[in-house]
Amino acid sequence: MPRLGATTTTLTSTARAVMERHLHRDGYTVPSALVYPWQWLWDSAFHAIAWNALDRPDRALVELDTLLGCQRRDGFVPHIRYHGPSPHADFWKLPDTSAITQPPMYGHAIARLHRAGVDIPTGLLERARQGFDFLLRHRARVDGLVSVVHPWETGADNSPRWDHWVDGHFSLDRWWVVKGELVRSIMPSDAGAPISNSAFACAPAGFNALVAFNALELAWVTDDEHLQRDALEIVDRLDVSWSAEAGTWVDVGDSGHGSGRVRTLDALLPLLVSRRPVAVRSAIDQLLDPCAFAATYGPTGVHRAEEVFRPDQYWRGSAWPQLTYLLWWAARNRGEARLEESLRTSARRGAARSRMAEHWHPDDGTGLGAVPQSWSALVVAMA
Ligand code: GLC
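Residues numbered from 1 in each chain as written. Predicted model: local features only at pLDDT ≥ 70, side-chain atom pairs only at ≥ 80, totals over all residues. Heavy atoms only, no water.

### A short note on the overall build of the protein chain
Helix and strand content of the protein chain: twelve helices and twelve strands. The globule rule puts the C-alpha radius of gyration for 383 residues at 21 Å, and the 19 Å found for the protein chain is close to it. Expressed along its principal axes, the backbone C-alpha trace of the protein chain runs to roughly 60 × 45 × 45 Å. The buried share of the protein chain, taken over its 383 residues, is 61%. Taking the contacts inside the protein chain whose residues are at least 6 apart along the sequence as the reference set, 65% of them involve residues at least 24 apart. With the model as given, the accessible surface of the protein chain reaches about 15100 Å², and the carbon-plus-sulfur share is 52%. A gap of 4 Å separates the mean positions of the 39 positive and 44 negative side-chain charges of the protein chain. (Helix = DSSP H or I, 4+ residues; strand = E, 2+ residues; numbered from the N terminus. Rg over C-alpha atoms; globule rule 2.2 N^0.38 Å. Buried < 20%, exposed > 50% of the residue type's maximum accessible area, 1.4 Å probe, protein only. Contact = heavy atoms within 4.5 Å. Areas by Shrake-Rupley, 256 points an atom, 1.4 Å probe, with all protein chains shown as cover. Lys, Arg positive; Asp, Glu negative; His and termini not counted. Charge placed at Lys NZ, Arg CZ, Asp CG, Glu CD.)

### Here we look at the packing of helix α2 (residues 41-53) against helix α5 (residues 106-115)
Direction vectors running N to C along α2 and α5 enclose 10°, while the axes themselves pass 9 Å from each other. Between α2 and α5, the angle is such that the two are roughly parallel. Contact residues: α2 offers Leu41, Ala45, Ala48, Ile49 and Asn52, while α5 offers Tyr106, His108, Ala109, Arg112 and Leu113. For the contact of α2 with α5, a count of residues per class yields seven nonpolar, two polar and one charged. (Axes fitted to C-alpha atoms, helices over the stretch in contact; angles between N-to-C directions. Parallel < 35°, antiparallel > 145°, perpendicular 65-115°, else oblique. Nonpolar A, V, L, I, M, F, W, Y, C, P; charged D, E, K, R; others polar.)

### As for the environment of alanine 33
With respect to the secondary-structure elements, alanine 33 resides in the loop between α1 (3-21) and β1 (39-40). Considered as a pair, alanine 33 and glycine 335 are 302 residues apart in the sequence and their alpha carbons are 38 Å apart.

### Structural notes on empty space enclosed by the protein
Evaluated as defined, the whole model comprises two cavities of 30 Å³ or more. One number sums up the size of the largest cavity: a volume of about 70 Å³. As for the largest cavity, its lining consists of Trp42, Pro103, Thr154, Ala156, Pro204, Gly206, Phe207, Leu210, Asp266, Leu269, Trp315 and Leu323. Of the residues forming the lining of the largest cavity, the biggest block, three residues, is contributed by helix α8 (residues 205-222). Its residues placed into classes, the lining of the largest cavity shows nine nonpolar, two polar and one charged. Looking at the second largest cavity, it is lined by 13 residues, and the ones nearest its centre are Asp266, Gly301, Val302, Trp315 and Trp320. (1 Å grid on protein atoms, 1.4 Å probe; cavity = no way out; pocket = protein on both sides within 12 Å on 5 of 7 lines; lining within 4 Å. Points joined across faces, edges and corners; volume = space filled by probe spheres on them.)

### Let's talk about the pattern of salt bridges
Enumeration according to the criterion identifies 20 salt bridges in this entry. Of the charged contacts, one joins aspartate 133 and arginine 129 as a salt bridge, the two residues approaching to 3.5 Å between their closest N and O atoms. In this pair, aspartate 133 and arginine 129 are both assigned in helix α6 (residues 122-138), four residues apart and thus about one turn of the helix distant. Note that arginine 137 is salt-bridged to aspartate 230, the shortest N-O span being 2.6 Å. Pair noted here: arginine 137 is in helix α6 and aspartate 230 is in helix α9 (residues 225-240), with a separation of 93 residues, a long-range link. A cluster of three or more residues bridged by salt bridges with shared partners is formed by Glu126, Arg129, Asp133, Arg137, Arg229 and Asp230. (Salt bridge = Lys/Arg side-chain N within 4 Å of Asp/Glu carboxyl O.)

### What to know about helix α10 (residues 277-288)
Relative to the 16 Å expected for twelve residues at 1.5 Å per residue, α10 spans 17 Å between its end C-alpha atoms, a close match to the ideal helical length. Residues of α10 that are buried sit in contact with β8 (242-243), β9 (248-249), α11 (321-333) and α12 (337-353). (Expected span 1.5 Å × (residues − 1).)

### A word on the site of the ligand
Neighbouring the ligand are 13 residues; Asp43, Gln102, Gly155, Trp315 and Gln373 lie closest to it. Within the contact set of the ligand, an oxygen atom lies 2.6 Å away from a backbone nitrogen or oxygen of glycine 155. Tryptophan 315 has a polar side-chain atom sitting 2.9 Å from an oxygen atom of the ligand. Burial of the ligand by the surrounding chains reaches 96%, relative to a free accessible area of 310 Å². Residues of the shell around the ligand, tallied by class, amount to seven nonpolar, three polar and three charged. (Near = heavy atom within 4 Å. Polar contact = N/O pair within 3.5 Å; in protein donor to acceptor, adjacent residues only side chain to side chain.)

### Things to note about the packing of α5 against α8
At their nearest, the axes of α5 and α8 sit 7 Å apart, and the two run at 35° to each other. Pair α5 / α8 crosses with left-handed handedness. For the pair α5 and α8, the contacting residues are Tyr106, Gly107, His108, Ile110, Ala111, His114 and Arg115 in the first and Phe213, Asn214, Glu217, Leu218, Trp220 and Val221 in the second. Classifying every residue of the contact of α5 with α8 by side-chain character gives seven nonpolar, four polar and two charged. (Left-handed = near helix turned anticlockwise from the far one by under 90°.)

And the structure:
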């Protein structure tokens, strides 16, 4: 058997073993048994994609069903579901979920299942639509883009994009305090859903790209013209925030003239949806350039030339499999074969070398964070 075949078989069986090990008896998959033993929003959508690639569409559907099972009346989907009393109930002021959301990756997960011929229950499609209703109609906007009420909502917890809120001087201790304070200033709606945060006026490029991308994916499945129109409005607004000078899509809001311009990988996610050719070209070139983001086990989480680039630190430069997967999907759909192949190969190498870690060093593949972590199984869906 050719070597590549053997490697692929091994990676698939390792991914399957990680997913099986993290499958909870209630049908959802935990990101990590030790570090993250609950259900997370965007993780769950990635798990659904991985389960489907592992020929278990039944599990993919249960994953999405349990995820959207904690949705509130107005469509809000919390970022953590504890499936029982929450150990952090005092922190969130809620009994069984968190009080913030995360990127609505269920739109793309549903579309990938649909493309694979899986029948999606109508109830699931409807709940997904309501999720976008919340984000597009109830969530506060900043200058036309969808705001986040807390950095954790982006999934990119310690990104240098938030350094504005520590006056440009990031340290883990300071950031820990500020992150806690920012939870306390979240403004909820009458129904208890998070709407805005006066201490954190920010509409990140990466988050908006994921809102628009997932809405477009769902709109394609359900043939929903209204949702498609709303999503394209975000795409066009997002493209206004491309800065040729900075070489990135810039976050809109308080950090727009400061840390909101740091070249992070998640800020290139508009590549999924952008209609601005110069921006698209620049993003692709940067992802292929070893002096920018490209790496053997990469791409790097932060552009190498940024002063804050730290390849071994959480959200400050390491490689993340779920971001690599998303950029691979963008490259694939744009017919950028060289980028598609380089992202696919580096993600697979990284997952194997890091032993399916949460994230890893982009240049040597050393596993970082939780090892193993379920979303590294996404590499089986990159084919
Ligand atoms: C960390 C990550 C976040 C992820 C969670 C569970 O908090 O930053 O993106 O959803 O872990 O894996």
